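Listed here are the chains, written in short residue letters.
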Amino acid sequence: MINKFVENIELALDGVKSNMTCMFGGFGLSGIPENIIKELSNREVDGLTCISNNAGVDEFGLGLLLKRKQIKKMISSYVGENAEFERQMLSGELEVDLIPQGTLAERCRAGGAGIPAFYTPAGYGTEVAKDKEVRIFNGKPHILENSLVADFAFVKAWKGDTAGNLIYKGTARNFNPLMAMAGKITVAEVEELYPAGELDPNHIHTPGIFVQRIMQGENYEKRIEQRTTRKR
Amino acid sequence: MALDKNQIAKRIAKELEHNTYVNLGIGIPTLVANYIPEGIDIEFQSENGVLGMGPFPFDGEEDPDLINAGKQTITTLDGAVLFDSAISFAMIRGQHVQLTVLGAMEVSEKGDIANWKIPGKMVKGMGGAMDLVASAQNIIVAMMHTNRMGESKILNKCTLPITGINCVKKVVTNLAVLEITEDGFKLSERAPGVSVSEIIAATEANLIITGEVPEMII
């Protein structure tokens, strides 16, 4: 067993520097690495390029890094719900690359899988296709998209073991397994950390080979963006 | 009388086919799930990673780890499955999802759709919409016929940045059902009590009208 366990968040984030490219798992606020984001917001790192489906909300998630102007560029598919983000983008302080969600997912997966680029129909005929190679397959136009890798990928899982194996819960899985594959250094924070051997290998979602560091997360807030219920 | 949003959803629900997988967008499309006709089995896919999505949870049973693509808390039904975003879009791009219902700001007579950006005003991003419209076998748009300024959203050519081209098959608005044919919009149904001339007056695009246009049955 190769031990990936790190005792604290300082060790988990060792080597994170300004101007790096970092991936953050999560969809909206579901499945985001809360502890890691909070710790980064307390550090003197800036100029970050952040790859994340969304950009958090004003006071939580990646919104914390935006507020301190630690992010130079965002690569995302959907960035509503964040007033400070919109302000920084419209004023030109923040570079933003908006890409289709499925393309974002596949670019991360491909990056981790050693595939440098792929063709997809998504975005053909739109401004997303600008300056991209177009090729017809089966009579249908596709555009060439490059894969993505990151200096650090930060992911959040429900359960993990000291070998770095991860299990996610519900729709908090989303981009986490894909980004875990695409990080040169992937750091996972988990709600429940077990000694290797405790988790059933049949149930693992992310094999530990993709994870370089795993840490016990704490005090999860798990904020809900749109609390919608029905009457009993 | 023009339809309200629930009635638009109810009309679209009549398009649902038995034993199909369906992706519903944010807004009016979400309401379609409330009106599945009797005897029709549907599984709803949400692109953040769930198939077999159920209704909203009861008060106090919300789970932050279980949301839909609109970030609303949801439940799952028997037979549901959870997966990552790459698998989710494999279902979409690979045409395993049979029907997509989504909202729009503009639709053109060629079936082009614009729904992700208003330059200089609103930039929220396309989310999964571009992947969905590029690959879905059948796309129905649910929207109001005109925007807040009273301008037609049914156009000869879209003016806003495009989400996808030649993809919309049918549009259901508060005034009409429009099919997109090779020759443009065909007016196939009108809202109860709404006349053909009222629809023409509210529409910028040319409409193909053949014979009597029946009223929608809601």
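Up top is the structure these notes are about.
Residues numbered from 1 in each chain as written. Chains lettered and ligands numbered in written order. Predicted model: local features only at pLDDT ≥ 70, side-chain atom pairs only at ≥ 80, totals over all residues. Heavy atoms only, no water.

Moving on to the overall build of chain B. From N to C terminus, chain B includes 5 helices and 15 strands. Taking 17 Å as the expected radius of gyration for a compact globule of 218 residues, we find that chain B reaches 17 Å, a close match to that expectation. Referenced to the eigenvectors of the C-alpha coordinate spread, the extents of chain B come out at roughly 50 × 40 × 30 Å. For chain B, with 218 residues in total, the buried portion stands at 56%. Counting only contacts in chain B whose residues sit at least 6 apart along the sequence, the fraction spanning at least 24 positions is 62%. Accessible area of chain B: about 9300 Å², with a carbon and sulfur share of 50%. (Helix = DSSP H or I, 4+ residues; strand = E, 2+ residues; numbered from the N terminus. Rg over C-alpha atoms; globule rule 2.2 N^0.38 Å. Buried < 20%, exposed > 50% of the residue type's maximum accessible area, 1.4 Å probe, protein only. Contact = heavy atoms within 4.5 Å. Areas by Shrake-Rupley, 256 points an atom, 1.4 Å probe, with all protein chains shown as cover.)

Residue and element names in this part refer to chain A. With 3 bridges joining them, strand S1 (residues 21-24) and strand S2 (residues 48-51) adopt parallel strand pairing. Residue pairing in the sheet places Cys 22 in a bridge with Cys 50 of S2. After leaving S1, the chain enters helix H2 (residues 34-41) and then returns to the sheet as S2, a path that is right-handed. When S1 meets strand S8 (residues 150-161), the two strands line up parallel, connected through 3 bridges. Within S8, the residue paired with Phe 24 across the bridge is Phe 154. (Pairing = 2+ DSSP bridges. Right-handed = clockwise from strand over helix to strand, strands pointing away.)

Residues and elements named next belong to chain A. Inspection of the entire model under this criterion finds 3 aromatic pairs over all chains. Ring plane angle 45° and centroid distance 5.3 Å describe the contact between Phe 24 and Phe 154, whose orientation is recorded as tilted. One end of the pair, Phe 24, is in strand S1; the other, Phe 154, is in strand S8, and 130 residues separate them in sequence. Taken individually, Phe 24 and Phe 154 each receive the classification buried, so the pair is uniform in this respect. Ring geometry for Phe 152 and Phe 154: centres 5.6 Å apart, planes at 15°, overall stacked. Comparing Phe 152 with Phe 154, the two get one shared label, buried. (Phe/Tyr/Trp six-rings, centres within 6.5 Å; stacked < 30°, edge-to-face > 60°.)

So, about the interface of chain A and chain B. Counting residues at the interface gives 50 residues for chain A and 48 residues for chain B. A combined buried area of about 4200 Å² lies between chain A and chain B, and 57% of that area is made up of carbon and sulfur atoms. Applying the counting criterion to the chain A and chain B interface returns 6 salt bridges. Taking the shortest distance from any N to any O, the salt bridge between B:Glu61 and A:Arg232 comes out at 3.3 Å. Counting across the chain A and chain B interface gives 26 residue pairs in polar contact (both at pLDDT 80 or more). Broken down by secondary-structure element, the contributors of at least two residues to the side of chain A that touches chain B are helix H4 (83-90), helix H5 (101-113) and helix H6 (176-182) of chain A. At 6 residues, the largest contribution of residues to the side of chain A that touches chain B is made by H5(A). Residue classes in the side of chain A that touches chain B are distributed as 17 nonpolar, 18 polar and 15 charged. (Buried area = accessible area lost by both parts, 1.4 Å probe. Salt bridge = Lys/Arg side-chain N within 4 Å of Asp/Glu carboxyl O. Polar contact = N/O pair within 3.5 Å; in protein donor to acceptor, adjacent residues only side chain to side chain. Nonpolar A, V, L, I, M, F, W, Y, C, P; charged D, E, K, R; others polar.)

With that out of the way, let us pick up the sheet that holds strand S6 (residues 106-108) of chain B. Residue and element names in this part refer to chain B. Taken together, the 3 strands give an open sheet; going across it, the order is S7-S6-S11, and neighbouring strands pair in mixed fashion. The two strands at the open ends of the sheet, each matched to only one other strand, are strand S7 (113-114) and strand S11 (154-155). One ladder, built from 2 bridges, connects S6 with S7; its direction is antiparallel. For Val 107, the partnering residue across the bridge sits in S7 and is Ile 113.

Bringing the sheet that holds strand S5 (residues 117-120) of chain A into the picture now. Residues and elements named next belong to chain A. As summarised here, the arrangement of the 3 strands in space is S5-S7-S6, forming an open sheet in which the pairing is antiparallel. The sheet is open, and its two borders are formed by S5 and strand S6 (134-137), each paired with just one other strand. This sheet shows a mean twist of 40° between the axes of neighbouring strands, independent of strand direction. Relative to strand S7 (residues 140-146), S6 is paired through 4 bridges, and the arrangement is antiparallel. (Axes fitted to C-alpha atoms, helices over the stretch in contact; angles between N-to-C directions.)

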